[in-house]
Amino acid sequence: MPTHHIPEANLAELPAACGVYVFHGEGALPLYIGKSVNIRSRVLAHLREPAEARMLAQACRVSWQRTAGEVGALLLESRWVKAQQPLFNKRLRRSRSLCAWTMVPSAPVLRLVHSRDQDFARSPGLFGLYSSGHAAQQALRGLAEAQQLCQARLGLEPASARGCFARQLGRCALCGGQEPEDQHDDRLRAALAQWQVQAWPFDGAVGLVERAGDWVQTHVLQHWAYLGTVEGRALQLPAGHAPPPFDLDGYRILVGPLLSGQAELLLASAS
């Protein structure tokens, strides 16, 4: 079992409840921030993990903050990791700019757009979310190879009278003449559907309500970003708040719960 210096009294106080926990060392920065539906069980599991020996050797105490549900824990973990930059977290870093594919309406031509130039939270017709143009190109190339799509028609290689490179390998029916353009483009649209970015489906902010027994929290959300949490069932926007920029981690956390129709929501118009 890895060595640590966390007092047993500290560990004994860990709640068997949902929330966010923080491993602290001697320095000002936290060592690690995580979330769990059972803080006590998850922290004790860390103490038994040989791969985390280096972090645990520096750990002196654990703090935590409970949440009424798992979505709140995910949102709070994301916020804390970005704000505090813990030494041993390797994810949930703040993205300065994102890019995505969009299809030109008048023709099946893909174009790369950037979040610095348009509002990703409310833009329809976006596909994939990437930290760089290179990552976007690589993902699209992989999709083309898997679906045997024409990389020249997708703009991934120069057009040629001889057809794309995949034709030489017998992997492009379009350049080989076995598939008409409209059928190829329909397959492209179907393949892109799995990458579709959902536009923010509300006119303004919403509150996502979570409950743990009699305890109720409302997470205030706008444009896939987390604005904060209030106690009770009430939608209260932060004073003087501005519409937040698109947040990739917030999108990934919230798109499922908000679009499933199963979450309890408060709309701004009803506040």
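Below, the structure is looked at part by part. Just so it is clear, the model here is predicted, and its values are computed rather than measured.

## Quick word on the pairing of strand β4 (residues 99–103)
- Counting buried positions along β4 gives 5 out of 5 residues, so the element sits mostly inside the fold.
- Burial along β4 is two-sided: Cys99, Trp101 and Met103 facing one way and Ala100 and Thr102 facing the other are all buried.
- Alignment of β4 against strand β5 (residues 110–114), held across 5 bridges, turns out to be antiparallel. Looking at β5, one finds that methionine 103 is bridged to leucine 110.
- Direction of pairing for β4 relative to strand β6 (residues 126–130): antiparallel, over a ladder of 3 bridges. Looking at the pairing, threonine 102 lines up with leucine 126 of β6.

## Comments concerning the pattern of salt bridges
- In the structure shown here, the tally under the stated rule is 10 salt bridges.
- Salt bridges sharing partners connect three or more residues here, namely Lys82, Asp247 and Asp249.

## Re helix α2 (residues 39–47)
- All of the buried residues in α2 are Ile39, Val43, His46 and Leu47. The arc enclosing the buried residues of α2, seen along the axis, measures out at 105°, which places them on a common side.
- The elements touched by buried residues of α2 are α1 (8–12), β1 (19–24), β2 (30–36), α3 (53–58) and β3 (61–66).

## Overview of the packing of aromatic side chains
- Scanning the entire structure with this criterion turns up 8 aromatic pairs.
- Geometrically, the ring pair formed by tryptophan 200 and phenylalanine 202 is edge-to-face, given 5.2 Å between the ring centres and 70° between the ring planes.
- On the accessibility criterion, tryptophan 200 (6% relative accessible area) is buried.
- Centre to centre, the rings of tryptophan 200 and tryptophan 224 are 5.1 Å apart; their planes meet at 85°, and the pair counts as edge-to-face. In this pair, tryptophan 200 is assigned in the loop between β7 (196–197) and β8 (206–212) and tryptophan 224 in the loop between β9 (215–222) and β10 (225–231), connecting sequence segments 24 residues apart. With respect to class, tryptophan 200 is no different from tryptophan 224; both count as buried.
- Through successive ring pairs, a cluster of aromatic residues spans Phe120, Trp200, Phe202, Trp224, Phe246 and Tyr251.

## Looking at the packing of helix α4 (residues 70–84) against helix α8 (residues 248–259)
- It is the contact of α4 with α8, at a shortest axis distance of 10 Å, that shows an interaxial angle of 175°. One finds that α4 runs roughly antiparallel with respect to α8. Each of Val71, Leu74, Leu75, Ser78 and Lys82 in α4 lies in contact with α8, whose residues at this interface are Asp249, Ile253, Leu254 and Pro257.
- Each residue belonging to the contact of α4 with α8 can be placed in one class, and the counts come to 6 nonpolar, 1 polar and 2 charged.

Definitions and limits used
Think of each chain on its own: its residues are numbered from 1, step by step along the sequence as written. With the structure being a predicted model, the display of local features is reserved for residues of pLDDT at least 70 and the display and counting of side-chain atom pairs for 80 or more, all residues being used for whole-chain, interface and lining totals. Side-chain metrics in this entry use all non-hydrogen atoms of the structure; hydrogen atoms and water are not considered. Burial here depends on accessible area, computed with a 1.4 Å probe over protein chains only, as a share of the maximum for the residue type. Under 20% is buried, over 50% is exposed, and the range in between is partly exposed. Where helices and strands are cited, they refer to DSSP runs of H or I of at least four residues and of E of at least two residues respectively, numbered from the N terminus. For two strands to count as paired, DSSP must find a minimum of two bridges between them. Salt bridges are defined as contacts in which a side-chain nitrogen from Lys or Arg sits within 4 Å of a carboxyl oxygen from Asp or Glu. What the arc measures is the spread of directions leading from the helix axis to the C-beta atoms. Contacts are assigned to residue pairs with any non-hydrogen atoms lying within 4.5 Å of each other. Each aromatic pair joins two rings of Phe, Tyr and Trp (for Trp, the six-membered one) with centres within 6.5 Å, and gets the label stacked for planes under 30 degrees apart, edge-to-face for over 60, and tilted for any other angle. Here the axes come from fitting lines to C-alpha atoms, over the contacting stretch only for helices, and the angles between their N-to-C directions go from 0 to 180 degrees. When describing relative orientation, an angle under 35 degrees is termed roughly parallel and one over 145 degrees roughly antiparallel, while 65 to 115 degrees is termed roughly perpendicular and anything else oblique. When residues are sorted by character, Ala, Val, Leu, Ile, Met, Phe, Trp, Tyr, Cys and Pro go into the nonpolar class, Asp, Glu, Lys and Arg into the charged class, and all the rest, Gly among them, into the polar class.

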